[in-house]
Structures are given as structure tokens and as C-alpha cells.
Amino acid sequence: RFKYFSTCYSSEATRADAGPDFAYDHWKQTGLDDYEEVCKRLADIGPATTNMLGWRGADTHPNRRNLVALNDKLVFDTEFIVWDRTNPNKLQASNFLSFEEQVARWRFLIDIEGNGYSARLKLLLRCPRVIFVQDRPYKEDFFPHLVPWLHYVPVKRDFSDLHQNLLTVLKDPALEQLIIDAARDFSVTYLTRSAAEKRWAHKIKTYLTFGNQGANG
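Residues numbered from 1 in each chain as written. Predicted model: local features only at pLDDT ≥ 70, side-chain atom pairs only at ≥ 80, totals over all residues. Heavy atoms only, no water.

*Asks:* How do you make sense of the sheet that holds strand β5 (residues 153-155) when you look at a structure like this?
*Replies:* One key point about sheets: their strands pair by backbone hydrogen bonds, in either a parallel or an antiparallel sense. Strand order in the open sheet formed by five strands is β2-β1-β3-β4-β5, and the pairing between neighbours is parallel. Only two strands of the sheet have a single partner each, and these edge strands are β2 (76-80) and β5. Taking the axes of each pair of neighbouring strands and ignoring which way they run, one obtains an average angle of 25° across the sheet. Examined bridge by bridge, strand β1 (residues 53-57) and strand β3 (residues 108-111) share two bridges and lie parallel to one another. Each residue of the ladder has a partner; that of L53, found in β3, is F108. Seen against the sheet, helix α6 (residues 162-170) touches β1, β2, β3, β4 (130-134) and β5 and runs at an angle of roughly 160° to β4. (Pairing = 2+ DSSP bridges. Helix = DSSP H or I, 4+ residues; strand = E, 2+ residues; numbered from the N terminus. Axes fitted to C-alpha atoms, helices over the stretch in contact; angles between N-to-C directions. Contact = heavy atoms within 4.5 Å.)

*Asks:* Could you clarify how one ought to interpret the side chain of D111 in this entry?
*Replies:* With respect to the secondary-structure elements, D111 resides in strand β3. Using a relative accessible area of 0% as the deciding quantity, one classes D111 as buried. Side chain to side chain, D111 and S118 meet in a polar contact 2.6 Å long. If near-sequence neighbours (up to four positions away) are discounted, D111 is found in contact with S118, R120, L121, L124, F132, V133, Q134 and R136. (Buried < 20%, exposed > 50% of the residue type's maximum accessible area, 1.4 Å probe, protein only. Polar contact = N/O pair within 3.5 Å; in protein donor to acceptor, adjacent residues only side chain to side chain.)

*Asks:* What am I meant to see in unusual backbone geometry here?
*Replies:* Negative phi characterises most residues that are not glycine, and trans characterises most peptide bonds. One non-glycine residue, W149, adopts positive backbone phi at about 70°. In this fold, W149 is placed in the loop between β4 and β5. Note on W149: relative accessible area 31%, which makes it partly exposed. Positive phi outside glycine occurs at F159, with the angle close to 65°. As for its position among the elements, F159 is in the loop between β5 and α6. The exposure class of F159 is buried, given its relative accessible area of 6%.

*Asks:* Even after reading the chapter, I still don't get the side chain of E176, so can you show me in this structure?
*Replies:* With respect to the element layout, E176 can be found in helix α7 (residues 173-190). Taking the relative accessible area as the measure of exposure, E176 reaches 11% and is therefore buried. If we skip the residues at most four places from it in the chain, E176 touches R107, F108, V130 and V169.

*Asks:* How do you make sense of the nonpolar core when you look at a structure like this?
*Replies:* In a soluble, globular protein the nonpolar side chains are often hidden away together inside. With 31 residues, the main nonpolar core has L42, L121, L123, L125, I131, F142 and L146 as its most contacted residues. Taken together, the elements giving at least two residues each to this core come down to α2 (35-43), α4 (99-105), α5 (121-124), β4 and α7. Of the residues forming this core, the biggest block, four residues, is contributed by α2. If sequence neighbours within four positions are ignored, L146 has contacts with L121, L125, H151, Y152 and F186. L67, F108, V169 and L175 belong to the second-largest nonpolar core, a separate cluster that totals 19 residues. (Core = buried A, V, L, I, M, F, W, Y, C linked by side-chain atoms within 4.5 Å.)

*Asks:* Can you walk me through the packing of aromatic side chains in this structure?
*Replies:* Given two aromatic rings, one states the distance between the centres and the angle between the planes to describe the pair. One pass over the structure, following the stated rule, counts ten aromatic pairs. Ring geometry for W55 and F80: centres 6.1 Å apart, planes at 75°, overall edge-to-face. With W55 in strand β1 and F80 in strand β2, this pair connects stretches of sequence that are 25 residues apart. On the basis of relative accessible area, W55 is assigned to the buried category, the value being 1%. Residue classification places F80 among the partly exposed positions, given a relative accessible area of 24%. Ring plane angle 90° and centroid distance 5.9 Å describe the contact between F108 and F132, whose orientation is recorded as edge-to-face. In this pair, F108 sits in strand β3 while F132 sits in strand β4, placing the two residues 24 residues apart along the sequence. Per residue, the accessibility class of F108 equals that of F132, and both read buried. (Phe/Tyr/Trp six-rings, centres within 6.5 Å; stacked < 30°, edge-to-face > 60°.)

What follows is the structure in C-alpha cells.
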């Protein structure tokens, strides 16, 4: 019999079927040539050049339009990118920013839902920035281990508390540093390529054992 796995889950009933995704290897189409190399570069980036909260992404969910509507270039730098897919192996856009450029520019970053789950969160957690995470139905396998206000700043799905939560962090430098440090520690424990490989190995072994028991029962 066959067992189907996924790269995200949407309920406790499907959580056990979710495992690490492709991005732990690469996402070359969007400039992520090697996951571990990019993570190392992100971790070494110094202070941001602005105090803004920033985001770039495609228009793949109505809620993303709510975030882009906040774009004022004072507090929020949030824009859609429109991919030129002439070369499917190297997508391009006029306002594209690499992960390194985003981290270098913005003091705060936000991760939001798209068509499904977001593959970039694990990269953002490695960088020396506070990450705001919008609530969403589809989550990656490591999400249950994240603690709001320790590893990230939670944001309601409709962004109604984004301004207030941003203000909370701005007014508390100690909290900002606490979240940055905790996210880094979490990242180097759970979000490395080797950690992802171990999770997959454990998951496959568990299901192979379960399958054999079922066949012999």
C-alpha cells in the first residue's frame, strides 16, 4: 500500500503526514542556490538600514493584498512582485530583493500565507531580525515547536493587531533581542538540512514499521 506525505499540515489529523520541504536543498528559481549557504549569510548580516517592516512576494492570496495596502515606505515596505517567467529556472522581477537584501534593508520581516504554506519562514528565522508570523491554516512540520512571543511575533490572519504588536516590540529593545536570540537557537537546532534529513528518516522508518506490522497482523 502507499503512504502519502505532504510539506505542510492543516489539522492535527494531518500533522503526522507533514515533513520538511524542498527548500532545505535549494529554491534556485528565486535565488536560493543552497539553503545552508544562504542561512549562513543571513545570520551574519549586521544592523538593518531602515526601521521598517518589509515584505516582497507574489499576489497569491487575498490576505496578501491587505498587507500590501499598508505600504507607506515609512513603517511598512510591502510590495507585490510580478515574476518574469521567461526563464523558468531563473525568475526575475524589477523590484525583486534577495533574502540577503531583504534582511539588510529591514529591521523587521513578516511571513504570510500564499496559495498554501510559506516555504520562507525557516530562512527568516535564521536571520538577526524579529519575524512577524501571520496566522494561517497551512503550517510546516516544525511549527508546533515554535512559541509565540519567544521565537516570533504572532499576527492575526487579518493583520488587525499588526500595528500594535509592532509597537510593542519597538518599545521594548530587550524583547526584540530576546526573540532574535531564541529564533536563532531554534533555527540551528531544528531548521538545518541535517535536522530535516533526520526528521524524514524517522518519519519514513516509523511508517515502514507501521506498514510491516499491518501486513503481519
